[in-house]
Amino acid sequence: AAVSSATRVTSSVSGRYLTLLVIDDQNTDWSKYFRGKRIGEYDIRVEQAEFREITVTATSDGATVSMAVMRGGTKVGRSFRPDFLL
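Residues numbered from 1 in each chain as written. Predicted model: local features only at pLDDT ≥ 70, side-chain atom pairs only at ≥ 80, totals over all residues. Heavy atoms only, no water.

A.B. asks: Break down the environment of Ile54 for me, citing the residues and quoting the values.
C.D. replies: Looking at the secondary structure, you find Ile54 in strand E4 (residues 54–59). Overall, Ile54 belongs to the buried group, its relative accessible area being 14%. Excluding residues within four positions of it along the chain, Ile54 makes contact with Ile23, Ala49, Val65, Ser66 and Met67. (Helix = DSSP H or I, 4+ residues; strand = E, 2+ residues; numbered from the N terminus. Buried < 20%, exposed > 50% of the residue type's maximum accessible area, 1.4 Å probe, protein only. Contact = heavy atoms within 4.5 Å.)

This is the structure we're talking about:
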């Protein structure tokens, strides 16, 4: 119910989507459960990482997550502002 009431995008990247951060190991591919799903007019984008792979910085403007994950043997880093957390 709380998810369906979302009415704004707080992500710093342009686009019409909401970002869901999933903190879980790579044994479950959470993106497949949300593929093609929408909240109103917004697509759901899933970012998944283990707890040890993320750094959270909180300010008065919100929280920013930085993560460094291994994808196909290459370390990939990115920062974003999640709209939801699972």
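A.B. asks: Tell me about the nonpolar core, residues and numbers included.
C.D. replies: Counting residues in hydrophobic clusters, the biggest one holds 7 residues: Leu21, Ala49, Ile54, Val65, Met67, Val69 and Phe80. Here this core gets 3 residues from one element, more than from any other, and that element is strand E5 (residues 62–71). (Core = buried A, V, L, I, M, F, W, Y, C linked by side-chain atoms within 4.5 Å.)

All we've got here are geometric facts, nothing functional implied.
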